[in-house]
Structure formats: structure tokens, C-alpha cells
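The lines below spell out each chain.
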Amino acid sequence: MVVVLSKGIKEADKAAIRRFLEQHGFTIREIVGEEETILGAVGIAQIDLREVEVLPGVERVIPITKPYKLASREFKKDDTIVPVGPVKVGGLRITVIAGPCAVESREQILESARIVRESGAVMLRGGAYKPRTSPYAFQGLGEEGLEYLKEAGEREGMPVVSEIVATEHVEMMRDYVDLFQIGARNMQNFELLKRVGAIGKPVILKRGLAARIEDLLMAAEYLLAHGTENVILCERGIRTFETYTRNTLDISAIPVVKKLSHLPILVDPSHATGIREKVPPVALAAIAAGADGLLVEVHPDPEHAASDGPQSLYPDQFEKLMRDIEALSPVIGKEMQHLPARRAAGSAAGVGSSAGGASRGAGAGAAGGAGSGVAAGGASGARVSAGGREGAAASAGAGVGALKVGFQGERGAFSEDAAIRYFEHDEVEAVPFPRFRDVFASVLDGSVAYGVLPVENSLAGSIHENYDLLIQNPDVQVVGEKKLRIIHNLIALPGAKIEELRRVYSHPQGLAQCAEFLSLHPHMEQFPFYDTAGSVAFIAREGKQEWAAIASHEAARVYGMEVLREGIETNPRNYTRFVVIARSGHAEIENPNRASLVFSTPDKPGSLFTCLKILAEKNMNLKKLESRPILGRPWQYMFYLDLELPSDLSAFDDALSRLRGESEDLRVLGLFRV
Ligand code: PEP
Ligand code: MN
């Protein structure tokens, strides 16, 4: 049963409830949610729920109707996020675990780790004990394989996962793996489940070859009941009459599991299909269907793999798949998970010592001029700078604890979402500000470490105010970017009905982007508001049943409102690009691959052409070019450029120094990684 506790319950009452349940043979788990705290009680005892309901401090009691209790959504309504070292599985992330079927040698797994890490995998797989159909097939390297796997993971900064096949390996393996894998053949090896569950480490549990979804959830229940709270489910295909593929991927298991359970679910497209060529399409389908990630086999030399070669991706196939997932994830409102940036070899220890790069300010080589604060300096400093996000947090007065990130708008704003997603590895305290300029001011005075600002919408174009603020604040630097799909929702008080609505509030952009929906509902009068999330807060405050707002899902959640209609934007290809700003010199991103520049050109024929030619000659790809009037200088224009940086940054340094000679007021707004 789930016992929902009253808000502000006294500790003594809580202890009494616990005691009562324990005396009746229940095991208790306390779950502190954002809205309520519950005690989940499971056990074999039969009890009249009314006996619990009458205890002081009990708000209500909900029976769990499913045979699996701890694994069920009834027990816990929020998604479980499973931490595995720096990786978090579940929620809004897409986690890709990759590596060979089996560890075959030290060299092979080191090489595999390097390859999959380079393409963006966040965890390394590699079997050391292989449950093979034939006793004559390669059985794995055993403990020696685990040693190599651990070494490879450490080298690349990736947690590792390996399959456990026998209870007697539990103690030995716990020191080698960050995540235990229970394979399809062992899904119902209940003694193994009990022993592995009792270790308390995270476990990935694969669906058995002939297991129903309920069997999978019951197996997960064993793990949860015996101690671990961190279980990841894995759909890897089931046996059917079909023979063209090794197994049949049950893609519908993903939404079914999502509804029944709070546990994250990954998909293994490799064992599901058994054929390399089928892996990428099936993998993308799984992500589109809502899987929290993939467990995929990749081998540096699949032709010579000791096991599962035909289904192992070549490194370049894996790289392509990762790029496709990256492109797909914003469409479904998720983020590809990345490992925290690695420090460059020989990097300086602290942020203070990162003197080079675009943050050198108006130092040597600056062109000066026109009060626009020209910051110059080469890019190569970025190669030896350190710290990135952590560095800025420490030096920008955020203090210990959460990283403070400023955004414009009210709680639940799209910018807040962008901030939380960008700083996926940090505990973030998103700080709302009324105006964009307040975000700049707070970054400058150090009261927040970073700011997150929208600069461009794929339908509506640039948000010029922020570009202008970037020019006006030379001590602020762009250090990152985040693209977010903007999904608008019609939000009202719980219980409100669309037909009965009379007014709809939102930011003018929000209203404009939902024009088609609004034209089909002319009974709602449109009221522009300063902010999307603010309009939700406003209606919540006013308590008007016949008013609605257009904003994000998150805004509805924050203000306890109901989403009446999801995704009402006219064009679903609606993305906003946000930039992350920091004080110049307070955050250097390693291995930047993007630069943002701004400059003006002399008033003579071919001057812009000359500048662009320099970039063309250096083979630098232009991602954006836009002109803007220069404030206070009528009919004169600045050009904004976003460039793809080459891996050899000295080419960019050269281009910059030549550009400086041809342009005016050149400023590097920032170097960052996308
Ligand atoms: C594996 O992941 O290598 C494996 C053996 O998978 P499954 O248990 O799904 O067959
Ligand atoms: Mn395999």
C-alpha cells in the first residue's frame, strides 16, 4: 500500500505510523516527492486499510493493485532516475551504453572504450562471462576480462557494465562493475536476483526470451525487494515465430512499461535484431517510442569478434547512429546524455590561470575602437584552459551547493528548462529575473555563475535584444548553447473545460505560434502577456476557471495546473536556441567547436566579401550570418557570425588576425562546444 502523509506531519506521528506498519510485518520505504511524502509499505501481511487511514498524520491510503509493488507506478508516480557514477539513467535523458559483446583482450576493450566514448557513449559494456548457447563457443575471459573492462572504463572516465551469471560471482564482481547486468537467460534466476539486489548497486535487468512484461516487472520486484533501489529494465527482443531477425523487438513494451512502472527502460537493438544493418533503424524507433536509452554492441573489428560479430556495429556506423539520436532527441523533448568534459592533457589547474583565448579581453592585438568593447586574442588559449562549468561555479560566487544560473521569466519558463538541461551534470538553482538585462547584470556582479538566454527561434528569428546586450557587455562571454524544442500547451485550472474557456493569455510569440489552434477556438479572446510561464502563474493566482494560458508542461506542473491540450503549436518544428553566458575569463570550454563573432566592415565595395573570403580560405564553415543595425550609428551594420571551428585552432587564430585587419570592432563573443 501507499500511505500518503499529511503535509507538515509531526516526526512522532510518522514514527508511530512506521512502527504500526512494521509490527504488521510490512517493509517500509519513504519517498519524498515534490508534492507529497509517502511511505510505501510492502509485505505479505493482510491488513484492513482503514486501520492505517485513521492513524494521525495519514492523508490517505492507496492500495497497490498490481502483483509487483515497488516496481509499480502506483507505488511511485515520478520516474526513477538511476545514478551510475556520473551517469543518470531515466527522466529526460537518453543514455547510450555501448561496447563489444565480450571483452576479448586488453587491447580490444581499451580500443572499444576509446571508440564509443569518442562518439558520445556514456557507459561501456563488455561481457566477461558469456551465457552462450553452445558450450564450445567462447565463454568469456572471466575475472581477467573484468580487470581489463575496469581499466578501460577508468581510462575513458566511463562507468562499466558487465553481465553476472552466477551467485558465487557477486562479491568478486561488485568491485569491478558500476552496473550489474542480469541477462535474458537469467531474468528469472531468482537466487541470482536476490543476491544481486542485496548488493545495493544499480542493476540492468534484461527481459527474458519468453518473458511477458509482467514477468519482467516481477523479476525487477525481486531486485527491489532485496535491497537495491536502482533497477534499469531492458527490452532486448523476444522469441517469436519470425526467423528473419534473431529475436523480435517488442517496441510496444516501452510505452507499456512506462505506464506500469517508474523504472527506466533501455532497448538493446543488437540482440533484438541480430543483424548489424537492422540495428540503427530499430534503435531510432526505440528512442522515438520513449526508451530511456540504448545498450548497443559496437566492435572495433566485428569481422573478427569472438561473439556476436554480425550484430556489432562498426565504429563509423555507431558514430552515425549517435548523430541521428542527437538530432532526434529534441524532437521528443529529450536530451542526449553526455559525460562531463574531460580536462585537456596538461591543462592548467584552475580557472584563474586560463589567460588565453577569446576571454583575454581587449589585450594584445585588440583592435579597440568605437566604444564597443572589442575583445580579441587568439583562440588557442581555449586548448589549455580548464574547469569549464565547475570552474565558473567556484569562482562566480555560487558557493558550495547548487550552481546558480540566471534566466529571464518566471518559474517554468522555457529558459529555465534550457538551463537545467544544459547543466545536466550539476545541481542547478535556476534564478528567475524579470528582464534579460538583469541576467547580464547578475552574471557580471557574480550573484549567478551563468545566465541562459534565448537568442534565436527557428520560426520567429533572432531575439535581437540579447544580441545587443552581448555587444554592450564585453565582459560577458558565450560559453555554450542549448537548443530546445518548444512545445506549447493549453493550460488551465484543474477541471476546466476547453469549450468553457473565454480568455487565453501568453507571450505574444506563444499566441502567434499557436495561431491555427486559436483560430479553431474563437471563443477564447487572446491576451498578450509578458511571459509564457508568467501567464500560467497569473491564472493560478486569479483562480479563474474560464481562463487559460499557453506555456510549457513544466509551467503547468510548477503552478499545479492542468494541461488541457498538448502540443498546440502550429508548426511542430519549433526550436529555440539559447546561449549560456558567463563572466569573461570565468569559464573556458575545452576543445571548442563553435565560435560566435561580431564585427562591422568599412563602407567600401567588397568589404564583407573580403572578410568571408578569409574564413572560406581557412575552410571554416559558416553556421549563421546576420546583420544588425549598430546602436547609435544609423544605417551602419554589425555582422554576427557563427562558425564551425577546426580541430586545429591555430587556423582560427590566423583567420582572426587577418579578419581584424579587414574589419572593424571585431569581437569574439565566445568559443564553445555544441
Ligand atoms: C549480452 O548483452 O551480451 C547478452 C548476452 O544479452 P542477452 O542476455 O539479452 O541475450
Ligand atoms: Mn552479445
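About the cut-offs
Residues numbered from 1 in each chain as written. Chains lettered and ligands numbered in written order. Predicted model: local features only at pLDDT ≥ 70, side-chain atom pairs only at ≥ 80, totals over all residues. Heavy atoms only, no water. Helix = DSSP H or I, 4+ residues; strand = E, 2+ residues; numbered from the N terminus. Rg over C-alpha atoms; globule rule 2.2 N^0.38 Å. Buried < 20%, exposed > 50% of the residue type's maximum accessible area, 1.4 Å probe, protein only. Areas by Shrake-Rupley, 256 points an atom, 1.4 Å probe, with all protein chains shown as cover. pLDDT = per-residue confidence, 0-100. Contact = heavy atoms within 4.5 Å. Pairing = 2+ DSSP bridges. Axes fitted to C-alpha atoms, helices over the stretch in contact; angles between N-to-C directions. Donors = N, O, S within 2.8 Å, 3.2 Å for Na, K, Ca; no water. Near = heavy atom within 4 Å. Polar contact = N/O pair within 3.5 Å; in protein donor to acceptor, adjacent residues only side chain to side chain. Nonpolar A, V, L, I, M, F, W, Y, C, P; charged D, E, K, R; others polar. Disulfide = S-S within 2.5 Å. Salt bridge = Lys/Arg side-chain N within 4 Å of Asp/Glu carboxyl O.

J.: Please give an account of the overall build of the chain that cites residues and values.
T.: Secondary structure assignment for the chain yields 22 helices and 30 strands. Computed over its C-alpha atoms, the radius of gyration of the chain comes to 28 Å, within 12% of the 26 Å expected for a compact globule of 674 residues. Its C-alpha atoms give the chain principal-axis dimensions of about 85 × 65 × 50 Å. Put simply, the chain has 674 residues, and 55% of those count as buried. Here the chain displays about 28200 Å² of accessible surface, and carbon together with sulfur accounts for 52% of that area.

J.: With reference to specific residues and values, describe the confidence of the model for the chain.
T.: Chain-level pLDDT for the chain is 89 on average; 91% of the residues reach the 70-or-more range. Predicted confidence is poor over residues 343-399, with pLDDT under 50, and the contacts of this stretch with residues over four places away or in other chains come to 122 contacts.

J.: An account of the sheet that holds strand E2 (residues 27-32) is needed here, citing residue identities and associated values.
T.: Strand order in the open sheet formed by four strands is E2-E3-E1-E4, with antiparallel pairing between adjacent strands. Here the strands that pair on one side only, and so sit at the sheet edges, are E2 and strand E4 (58-62). For this sheet, the mean inter-axis angle between neighbouring strands, taken without regard to orientation, is 20°. The pairing of E2 with strand E3 (residues 37-42) spans six bridges and is antiparallel.

J.: Just give me the short version of the coordination of the manganese ion (ligand 2), but keep the residues and values in it.
T.: Around the manganese ion (ligand 2), the protein contributes the donor atoms Cys101 (SG), His271 (NE2), Glu297 (OE) and Asp308 (OD), at 2.0 to 2.4 Å from the metal centre. Considered as a linear motif, the donors of the manganese ion (ligand 2) on their single chain read C-x169-H-x25-E-x10-D. Note that glutamate 297 is positioned in strand E14 (residues 293-297) and aspartate 308 in the loop between E14 and helix H11 (315-328), a separation of eleven residues in sequence. Side by side, glutamate 297 and aspartate 308 carry an identical accessibility label, which is buried.

J.: Can you explain the site of ligand 1? Please cite residues and give values.
T.: Surveying the vicinity of ligand 1 reveals the residues Cys101, Arg125, Lys130, Glu163, Gln181, Gly183, Ala184, Arg185, Lys206, Arg236, His271 and Glu297. In the environment of ligand 1, an oxygen atom lies 2.8 Å from a nitrogen or oxygen atom belonging to the side chain of lysine 206. For ligand 1, an oxygen atom lies 3.5 Å from a polar atom in the side chain of glutamate 297. In isolation ligand 1 has 290 Å² of accessible area, and contact with the protein removes 97% of it. Here the shell around ligand 1 is composed, by residue class, of two nonpolar, three polar and seven charged.

J.: How would you explain the state of the cysteines if you had to name every residue and give the values?
T.: The final tally for this structure, using the stated rule, is zero disulfides. In this structure cysteine 234 is not part of a disulfide, and its nearest cysteine sulfur, from cysteine 101, lies 13 Å away.

J.: Run through the environment of alanine 537, naming residues and quoting values.
T.: Here alanine 537 shows up in helix H19 (residues 532-542). Of the residues examined, alanine 537 reaches a relative accessible area of 6% and is grouped as buried. Residue contacts for alanine 537: discarding those within four places in its chain leaves Glu410 and Tyr559.

J.: Any chance you could break down the side chain of glutamate 221 for me, citing the residues and the numbers?
T.: Inspection of the secondary structure assignment puts glutamate 221 in helix H7 (residues 213-225). When sequence neighbours within four positions are dropped, the list of residues in contact with glutamate 221 reads Tyr68, Lys69, Leu70 and Ala71.

J.: Please provide a residue-by-residue account of the sheet that holds strand E27 (residues 594-600), values included.
T.: Strand order in the open sheet formed by four strands is E28-E29-E27-E30, with antiparallel pairing between adjacent strands. Every interior strand has two partners, whereas the edge strands, strand E28 (622-630) and strand E30 (664-672), have only one. Taken over all neighbouring pairs, the strand axes of this sheet differ in orientation by 15° on average, direction set aside. Sheet topology places E28 next to strand E29 (residues 633-644); eight bridges connect them, and they run antiparallel. Across the sheet, residue serine 627 finds its bridge partner in E29, namely phenylalanine 639. Against the sheet, helix H21 (residues 607-617) makes contact with E27, E28 and E29, and its axis sits at roughly 10° relative to E29, the strand it touches most.

J.: Describe the pairing of strand E26 (residues 575-583), listing the residues and the values that go with them.
T.: Two faces, one strand: in a regular strand the side chains alternate between the faces of the sheet. When you tally the buried positions in E26, you get seven out of nine residues, the bulk of the element. Strand direction decides the pairing type here: strand E18 (residues 450-457) and E26, joined by six bridges, are antiparallel. Bridge pairing in E26 places asparagine 457 opposite threonine 576. Of the pairings in the sheet, the one linking strand E20 (residues 476-485) to E26 comprises nine bridges and is antiparallel in character.

J.: Requested: an account of the pattern of salt bridges, with residues and values cited.
T.: Counted by the stated rule, this structure contains 44 salt bridges. Two residues, lysine 14 and glutamate 30, come together in a salt bridge whose shortest N-O distance is 2.8 Å. Separated by 16 residues along the polypeptide, lysine 14 in helix H1 (residues 11-23) and glutamate 30 in strand E2 bring together distant segments of the chain. The salt bridge partner of glutamate 569 is arginine 485, with a shortest N-O separation of 3.7 Å. Of this pair, glutamate 569 sits in the loop between strand E25 (562-565) and E26 while arginine 485 sits in strand E20, and the two are 84 residues apart along the sequence. The class for glutamate 569 is buried, based on a relative accessible area of 8%. Taken together, the shared-partner salt bridges connect Glu456, Glu481, Lys483, Arg577, Lys624, Glu626 and Asp642 into one network.

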